[in-house]
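# Remarks on the overall topology
Chain by chain, the residues run as shown.
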Amino acid sequence: MVSKRRKEKMSWSESLLYKYSKTYRQIWRNKEILEDIKAQNDQTQVLLQSLAEKPDNMPQTGLSASEFVSFLNYTVDITKLPPAKGKMRALQLADAEILRIFDEVCQKHGLQYWLDFGTLLGAVRHQGFIPWDDDMDVAMPRESYNRLFDILEEEFKGTDLYVFGKEKSYFDWNPFIRIGYKDTFLNLDVFPYDFYYKKVQTQEDKDILQQKMTEGREFFNQHYPIPDENEEKLTELRKIMSDYTANTVCENKIAEKPYEQTKPTIFKGLEDWAYFRPFYYDYDTIFPLRKLSFEGREYCVPGQYDKYLSYIYGNYMQFPENLKRHGDILISRLPDNIDEITTKLQAIRIK
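Residues numbered from 1 in each chain as written. Predicted model: local features only at pLDDT ≥ 70, side-chain atom pairs only at ≥ 80, totals over all residues. Heavy atoms only, no water.

Right, let's talk about the pattern of salt bridges for a bit. One pass over the structure, following the stated rule, counts 18 salt bridges. With a closest N to O distance of 3.6 Å, E143 and K257 form a salt bridge. Here K257 lies in the loop between helix 11 (231-249) and helix 12 (259-262) and E143 lies in helix 9 (residues 142-155), a separation of 114 residues in the sequence. Owing to a relative accessible area of 56%, K257 belongs among the exposed residues under this scheme. Here E251 and K253 are joined by a salt bridge, their closest N and O atoms 3.6 Å apart. For K253, a relative accessible area of 41% puts it in the partly exposed group. Residues participating in the shared-partner salt-bridge network are E97, R100, E104 and R349. (Salt bridge = Lys/Arg side-chain N within 4 Å of Asp/Glu carboxyl O. Helix = DSSP H or I, 4+ residues; strand = E, 2+ residues; numbered from the N terminus. Buried < 20%, exposed > 50% of the residue type's maximum accessible area, 1.4 Å probe, protein only.)

For the rest of this paragraph, the subject is the pairing of strand 8 (residues 290-294). Two elements, strand 8 and strand 9 (residues 297-301), share five bridges in a ladder whose sense is antiparallel. In the strand pairing of strand 9, S293 is matched with E298. Taking the residues that link successive antiparallel strands as the turn, the strand 8-strand 9 hairpin has two residues, and the phi of E295 there is positive, at about 55°. (Pairing = 2+ DSSP bridges.)

At 3.6 residues per turn, the α-helix brings residues three or four places apart onto the same side. All buried positions along helix 16 (residues 338-347) are accounted for by I338, I341, T342 and L345. Looking straight down helix 16, one finds that the buried residues subtend no more than 100° of arc, so they occupy a single side. Residues of helix 16 that are exposed and angled more than 90 degrees away from the buried face: D339 and A347. Against the buried residues of helix 16 lie helix 7 (86-109), strand 3 (161-163) and strand 4 (177-181). (Arc of directions from axis to C-beta. Contact = heavy atoms within 4.5 Å.)

Turning our attention to unusual backbone geometry. Cis geometry is adopted by the peptide bond preceding P258, which originates at K257 and carries an omega value of 5°. Note that P258 resides in the loop between helix 11 and helix 12. A cis amide bond links F287 with the next residue in sequence, P288, at an omega value of -5°. Mapped onto the elements of the fold, P288 is located in the loop between helix 13 (283-286) and strand 8. Residue Q127 is not a glycine yet carries a positive backbone phi of 55°. Locating Q127 in the fold gives a position in the loop between helix 8 (117-126) and strand 2 (136-141). For K263, which is not a glycine, the phi torsion comes out positive at approximately 50°. Looking at where K263 falls in the secondary structure, it is placed in the loop between helix 12 and strand 6 (266-268). Residue class for K263 comes out partly exposed when judged on its relative accessible area of 25%.

Keep in mind these values describe shape, not function.
Here is the structure:
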């Protein structure tokens with residue numbers, strides 16, 4: 001127990017160390033995170049230095065995830081975190097080239113897209129990858145998405161890029177489009193988004209749309225192919241889900257154009273086997289699209305990206321409780337020649 005008099009004499013860093021006494025041991029165990037955190041001011045520098053220099057004096061008590069996150073949010077400006085290092089950064093830089101190629105394909109063929117999920121969050125918060133993120137996500141309106149498959153196959157001829165599902169791979173049974181690079185786990189996920197037949201405004205209409213999407217997900221699960229089934233089965237599934245969306249979710253009704261005037265609600269496609277949630281957005285939340293920088297290049301993002309991200313993540317300007325990556329399998333199987341692959345990707349230009 002620390003006496004009241006002792007507390008009064010504590011420096012800022014000492015008092016904070018005392019306040020977060022249960023965090024010492026766990027922070028030291030998270031040395032990679034600790035090393036990546038650059039001090040935002042002199043007081044934080046003192047605190048981090050104290051933790052780094054005196055690990056043997058730290059109590060044995062553990063730290064919950066929420067306590068550790070509280071510590072980080074209290075001491076660190078998340079927007080000023082440095083980029084990832086080592087293999088993670090090598091993977092990210094290679095993935096960034098795939099995103100650049102995808103953007104060039106879309107510009108050439110007049111396809112609409114926007115950065116989605118962690119990639120969008122990275123653009124807004126870090127102007128690039130989230131330091132611990134290891135893949136990329138983009139979204140497309142269904143009309144552009146339906147054209148993309150054949151366009152990519154044509155544009156990727158003569159390269160080692162391909163669309164998962166057309167060749168054997170770890171991600172073979174992916175129901176949405178995923179762009180990859182031969183013999184690697186580099187990938188970019190492309191999620192389709194559909195226009196509802198009207199603008200959803202009342203709570204009753206919102207509840208109805210959510211229920212339709214939830215039931216659609218259950219329908220999808222019933223028809224999803226098991227891994228030993230062939231590509232024809234997966235192609236059939238895409239057609240089944242497309243018909244289900246048009247006939248059941250949208251009730252055989254089509255949103256009137258121009259969308260800029262009718263402003264139909266936009267919802268995430270149902271063909272997502274792993275990360276489905278009934279996401280839907282007001283038209284004005286996404287369109288008109290705007291541009292933000294990601295790893296030194298401008299990409300399309302939702303016009304109201306703050307509203308978009310807040311809907312997905314809540315307060316996205318704080319550390320999440322889970323700093324884990326999608327899976328260490330992506331890093332552990334990173335090719336030794338990843339720098340050579342990145343150079344090859346840099347040479348691919350879509351004209």
